[in-house]
Amino acid sequence: MTRYFKATVLENTALNKHFRLLTIDAGRSTLNAQCIPAPGQFYMLHSNSTYDPLLKRPFSIFKHEDNSLKFLYRIRGKGTICLSNLRDGDIIEVIGPLGNSYPEPEGDFIAIAGGVGIASLLPLLDICKNTGYLFYGARSKDELVMLSEAGALSKEVFVATDDGSEGRKGVITELLKSFLNNLKSEISNFKLPIYACGPKPMLKELSEIAHASGMKCYVSLEEHMACGVGACLGCVVKTVSGYRRVCKEGPVFDIKDIVWE
Amino acid sequence: MTRYFKATVLENTALNKHFRLLTIDAGRSTLNAQCIPAPGQFYMLHSNSTYDPLLKRPFSIFKHEDNSLKFLYRIRGKGTICLSNLRDGDIIEVIGPLGNSYPEPEGDFIAIAGGVGIASLLPLLDICKNTGYLFYGARSKDELVMLSEAGALSKEVFVATDDGSEGRKGVITELLKSFLNNLKSEISNFKLPIYACGPKPMLKELSEIAHASGMKCYVSLEEHMACGVGACLGCVVKTVSGYRRVCKEGPVFDIKDIVWE
Amino acid sequence: MGITPNSELQTPNLSVDIAGLRLKNPVMTASGTFGYGEEYSEFMDLNRLGAIIAKGLSATPRQGNPTPRIVETPAGMLNAIGLQNIGVKVFIKEKLPFLRKFDIPVIANFFGDSIDEYVQAAVELSGADGVHALEMNISCPNKHAGWIVFGTDPKIMEQVVTAVRKETKLPLIVKLSPNVTDIGIMARVAENCGADAVSLINTITGMVVDVKRRRPVLANNTGGLSGPAVRPIAVRMVWEVFKAVKIPIIGMGGITTAGDALEFLIAGARAVAVGTANFINPTATIDIIDGIERFLADEGILDINEIIGSLRT
Amino acid sequence: MGITPNSELQTPNLSVDIAGLRLKNPVMTASGTFGYGEEYSEFMDLNRLGAIIAKGLSATPRQGNPTPRIVETPAGMLNAIGLQNIGVKVFIKEKLPFLRKFDIPVIANFFGDSIDEYVQAAVELSGADGVHALEMNISCPNKHAGWIVFGTDPKIMEQVVTAVRKETKLPLIVKLSPNVTDIGIMARVAENCGADAVSLINTITGMVVDVKRRRPVLANNTGGLSGPAVRPIAVRMVWEVFKAVKIPIIGMGGITTAGDALEFLIAGARAVAVGTANFINPTATIDIIDGIERFLADEGILDINEIIGSLRT
Ligand SMILES: Cc1cc2nc3c(=O)[nH]c(=O)nc-3n(C[C@H](O)[C@H](O)[C@H](O)COP(=O)(O)OP(=O)(O)OC[C@H]3O[C@@H](n4cnc5c(N)ncnc54)[C@H](O)[C@@H]3O)c2cc1C
Ligand SMILES: Cc1cc2nc3c(=O)[nH]c(=O)nc-3n(C[C@H](O)[C@H](O)[C@H](O)COP(=O)(O)OP(=O)(O)OC[C@H]3O[C@@H](n4cnc5c(N)ncnc54)[C@H](O)[C@@H]3O)c2cc1C
Ligand SMILES: Cc1cc2nc3c(=O)[nH]c(=O)nc-3n(C[C@H](O)[C@H](O)[C@H](O)COP(=O)(O)O)c2cc1C
Ligand SMILES: Cc1cc2nc3c(=O)[nH]c(=O)nc-3n(C[C@H](O)[C@H](O)[C@H](O)COP(=O)(O)O)c2cc1C
Ligand code: FES
Ligand code: FES
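What you see is a predicted model, and the numbers here were worked out from it, not measured in a lab.

## Structural notes on the relation of the copies chain D and chain C
Then, number 1: Overlaying chain D on chain C yields an RMSD of 0.0 Å, the required transformation being a rotation through 180° with an accompanying axial translation of 0.0 Å. Taken together, the turn and the small shift mark the pair as related by a two-fold rotation axis.
Then, number 2: A shared binding surface is used by both copies, with 100% of the interface residues of chain D retained as interface residues in chain C.

Given below as structure tokens:
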């Protein structure tokens, strides 16, 4: 019953050049009642037994089933390159599940994912099947990973890509805005909670949309992390009530509490 | 035509708990005339793309055939653990062949290997088939790797293990001593060149044997190395004419030139 | 029957005395890397630790630096937390009750940006139930001396350590900065001012540049380097300090394994603290305690004190 | 036709001026890590380098330290070569003829254990055909001043740099020790004594203990830490020196990739030197030169001098 354990890699599938899906076997004992991950929670993963890279890296829970945990990740730098080299049977070190989770929506909701942000939102779409309007933006068609899977769990799907190779050309927040405008002209007091995970510019834009529309908005934030458990104070974000730890009080925050810098 | 190249791992076979045999494909262009390894030469290998471990590690050429190079290694610390994790298709960085080589024996010779020192001597036994008396010592039976292979290339084989699990119990230099004593009593001016690779205590002992018997003795030395190419002066050994670089003037030295510390 | 007492006899003694504290074993947590103990309590029995050194405190709360506050470097990390903390009063009220539940010494780490602030924090902590010793972080800039870091100028350091020493009866540990030419001299200053022990090293100042943006990665420009990368420097400094002073040394800097901890003990540290390694392995401290015990048993050493300062050069 | 001149125009300028030397590009080899050039000449065209800084020389040959002389550390290494070298005279006779064949500046690194020895080495090197500049390694102990390291005491440093400056007309680079409290002050001393440039960092003193044998791993007890582990410290020091002096800076310490080199240039170094990385990758210098060129092209920067010291804090 500990949140620190070693796990065995079951699969580490390349989805395309940039994305991979990692499946690990956490073992029976580690996934007991206290340790079942909720949507929005994350794990710290270390794939390497040497000191470079040194720190574990945070990844959102993408799926879990019995003893297995799945993570969807984008290859970025040292840490994710090492992760991408893992093969079946390799052992990795894991801390988690960590952080808070998305408050469960009471009815329909909007999920807005920028790029790999989909990893954090998919479990939410999954437990609230067919009640979420999914807005999913990415650089281009091939970076819209897990689109059909996420789409199948959603009530409706809206897609935008920077290069227009799939869906609307442009940023996903534009699509959300026109969606909201259309609805508002139909339903006078239209309000749905928004759940968001993606790059900072998207979140900043959202904070304005949420403010203007008076809609609740929960965002999952990313910060550089060392410990993941609240000890180092490395991962803080500025909020209206001072610095808060993304790994402990977050990663999910009410967007109106965030002070954007 | 460079001695610095990337190679593909073809095989990395576990021989037992401690030893592995690594086969790499050096590619056609790197193994041209200037770059064919001679017995006693070595390569610097790096199996890891991060900075820990940082330095390449030296390994004697064990075998080569067309484009492939083989190394026999013992798992010791960080570097060899990383090496042991390599799998088919992995890429490693290589510098070599480096250093000098064993001067070719003109007739019969004695080869004396302590532990993984066999890796350095086997190619010598190979090019001088059935002219070498092999003395091979190890901690125990299962650490006598490649014994039958080496034996098949030798005129005669003498084995000792620390625990007596195979051959004579004790150190291999004792066996050599009684062999020499026996021969001396038969042939008055008996002299064969000795070729040796193994731990320092064995080499020190040998230096006395060689001195006492007046026999030529070539030893392959080990020192911590950084560059492997003669630039850092990290790998020197004290000789009668001052410090000499094991990676450049060595690894093979005439034992009478070595000043033991 | 005959075997039990025998093997009990051979369980090596791990306990050490530092500055009037008796520790079960020489392994502590380094300040700022273990919060106030709570965060890691689910991963281990805190009672197994030699001591807890808590996150640095100031007389009044600090909000710390903007982000990014950390960046990874080869085998290390830079941090510029900016000493964010809840302040001495909140610590005493909200965190000490939890720590009092454990049967291990709690060492409060504190700092200030003026001598007055140092003294104020020390006085308040000295009066608190459950604080067993003080560790003074002198790697802070002095606002009254052109922001020169207290711990890099022997004279300024002397003033602040003397001032604090006068106001507390608790064991006083001075935590030395490695950003100096001669750390032996600084240790001697601490000793002469009445410190009961010194601890070292604090982090080494470093910088990482984001080349695309032509900016330091850290919002604070520079940060403190910690982790395995600094270990050889830290071991060397512990050895220098061991030769320079008689008071005990708490060694730290990159300790990740029992072998690392032993390097410090052999070089002269009477105890060690584990910092960055906690982030990588939440049970690092326990693994290190177990590893030290195993090492002593394997080597047939009955008392850890036998290896402290045993380096043969 | 129209494209060629255009794209030629856009090949960024990599050349920089340091202390009266014009370098094709800002990438040199760090002293002691590249021998006298020969060892690495089979791996690259030496003419592509910005300059070669050769292995440190003393007036008379030195045999150096016993072994082990090197030990690996996390993302770094310690070395205690003990400045083994063939001496200035043999260098001039046997190594310079090879180096003269190349069309790049040769910078001779030298040292001594007394001021006289420094001066003697500098004078002999200054008279040699094919030595274009001198780099003075002041991280050596002074036998006339209780073996205090020249480069850690501003007064002793002033004496030795002044003495050497008087005796040579060649561009003089003073190589700073990082084992000091304030490297900016040391750089200012060098500047005031007439140095044409400073280079930094030399290695940071460290120690690794063999816990089984209770001995330092290195025969010399301590050694100098280099490699990626020290890079954040080196970048910070270059930035501090950039703020402290006007003379150009040659930055080094853990540079392994073009990105690393750019960190130093942006922090204020006008050139860089690659040390330990040569051991890992014999073509590191060339890869770094190519990488810097690519970076400038990608960023649309026409002249490398635009990014030198461009750090925005
Ligand atoms: C709560 C949380 C959940 C996340 N979930 C996912 C996920 O499901 N899938 C996924 O692909 N990515 C996710 N990320 C981002 C992921 O952690 C980074 O992509 C990863 O750390 C990059 O490491 P690297 O070594 O490859 O990159 P580098 O850029 O080389 O990393 C250098 C340093 O910066 C840190 N860093 C770099 N980018 C980020 C980032 N965006 N967030 C936090 N730290 C960063 C690294 O942890 C490391 O310490 C999540 C981040 C957080 C905070
Ligand atoms: C010329 C030469 C040829 C060699 N050939 C072989 C061979 O064919 N097969 C084989 O198994 N081993 C061989 N060795 C020894 C091999 O290089 C070491 O076992 C290896 O470097 C250990 O690295 P590690 O990281 O696993 O061990 P660690 O002990 O963790 O290494 C720490 C550091 O010490 C150095 N080191 C440790 N042991 C040795 C050693 N014995 N010699 C040199 N450096 C050492 C490492 O290179 C590294 O820098 C040879 C050594 C030399 C010098
Ligand atoms: C995130 C972080 C926060 C730290 N906070 C403090 C602190 O508040 N007070 C202090 O004296 N040292 C602080 N330190 C320094 C550590 O206590 C320790 O001296 C240093 O990190 C070296 O040890 P390590 O390499 O094991 O981490 C901090 C270190 C880190 C990494
Ligand atoms: C093996 C070795 C030998 C060195 N010899 C010298 C020397 O002779 N003179 C000198 O000034 N610096 C010497 N140095 C220091 C380097 O020139 C350089 O300042 C230092 O290694 C930091 O750079 P790096 O991290 O890129 O190696 C040596 C460094 C190493 C690793
Ligand atoms: S990552 Fe350490 S407090 Fe959040
Ligand atoms: S390893 Fe560098 S000189 Fe031999």
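## Some details on the site of ligand 4
Then, number 1: In the vicinity of ligand 4 there are 23 residues, among which Ser31(D), Lys175(D), Gly227(D), Gly254(D) and Thr276(D) approach most closely.
Then, number 2: Ligand 4 is flanked by residues contributed from chains B and D.
Then, number 3: Between ligand 4 and the protein, one listed contact pairs an oxygen atom with a side-chain N or O atom of Asn109(D) at 2.9 Å.
Then, number 4: Contacts to ligand 4 include Thr276(D), whose side-chain N or O atom sits 2.6 Å from an oxygen atom.
Then, number 5: For ligand 4, the accessible surface in isolation is 610 Å², of which the surrounding protein chains cover 98%.
Then, number 6: Class assignment of the residues belonging to the shell around ligand 4 gives a composition of six nonpolar, 15 polar and two charged.

## Thoughts on the domain arrangement of chain A
Residues and elements named next belong to chain A.
Then, number 1: Looking at the assigned domains, one finds that chain A contains domain 1 (3-98) and domain 2 (109-257).
Then, number 2: For domain 1 and domain 2, the distance between their C-alpha centroids amounts to 22 Å.
Then, number 3: Listed per partner, the contact involves 22 residues of domain 1 and 22 residues of domain 2.
Then, number 4: Summed over both sides, the interface of domain 1 with domain 2 buries roughly 1900 Å², with 67% coming from carbon and sulfur.
Then, number 5: For the interface between domain 1 and domain 2, the tally reads two salt bridges.
Then, number 6: Here glutamate 149 ties to lysine 63 by a salt bridge, and the two come within 2.4 Å at their closest N and O atoms.
Then, number 7: Linking domain 1 with domain 2 are three residue pairs in polar contact (both at pLDDT 80 or more).

## So, the nonpolar core
The tendency in soluble globular proteins is for nonpolar side chains to be buried as a group.
Then, number 1: Membership of the largest hydrophobic core comes to 349 residues, with the highest contact counts inside it found for Leu206(A), Leu206(B), Leu176(C), Ile292(C), Leu176(D) and Ile292(D).
Then, number 2: Excluding its chain neighbours within four sequence positions, the residues that come into contact with Leu176(D) are Ile138(D), Met157(D), Ile183(D), Met186(D), Ala187(D), Val198(D), Ser199(D), Leu200(D), Ile201(D), Asn202(D) and Val241(D).

## Let's talk about the interface of chain D and chain B
Then, number 1: Of the residues lining the interface, 35 residues belong to chain D; the matching set on chain B comes to 30 residues.
Then, number 2: In total, about 2600 Å² of surface goes out of reach between chain D and chain B, with carbon and sulfur atoms giving 60% of it.
Then, number 3: On the surface where chain D and chain B come into contact, there are three salt bridges.
Then, number 4: Arg245(B) is the salt-bridge partner of Glu39(D), the closest N and O atoms lying 3.2 Å from each other.
Then, number 5: For the interface between chain D and chain B, the tally reads 11 residue pairs in polar contact (both at pLDDT 80 or more).
Then, number 6: When residues of the side of chain D that touches chain B are traced back to their parent elements, those giving at least two are α2 (38-41), β5 (70-73), β6 (76-79) and α9 (277-280) of chain D.
Then, number 7: The element best represented in the side of chain D that touches chain B is β5(D), accounting for three residues.
Then, number 8: Classifying every residue of the side of chain D that touches chain B gives 14 nonpolar, 14 polar and seven charged.

Calculation rules
Residues numbered from 1 in each chain as written. Chains lettered and ligands numbered in written order. Predicted model: local features only at pLDDT ≥ 70, side-chain atom pairs only at ≥ 80, totals over all residues. Heavy atoms only, no water. Least-squares fit on C-alpha atoms with pLDDT ≥ 70 in both. Contact = heavy atoms within 4.5 Å. Near = heavy atom within 4 Å. Polar contact = N/O pair within 3.5 Å; in protein donor to acceptor, adjacent residues only side chain to side chain. Areas by Shrake-Rupley, 256 points an atom, 1.4 Å probe, with all protein chains shown as cover. Nonpolar A, V, L, I, M, F, W, Y, C, P; charged D, E, K, R; others polar. Domains from an automatic or database assignment. Buried area = accessible area lost by both parts, 1.4 Å probe. Salt bridge = Lys/Arg side-chain N within 4 Å of Asp/Glu carboxyl O. Core = buried A, V, L, I, M, F, W, Y, C linked by side-chain atoms within 4.5 Å. Buried < 20%, exposed > 50% of the residue type's maximum accessible area, 1.4 Å probe, protein only. Helix = DSSP H or I, 4+ residues; strand = E, 2+ residues; numbered from the N terminus.

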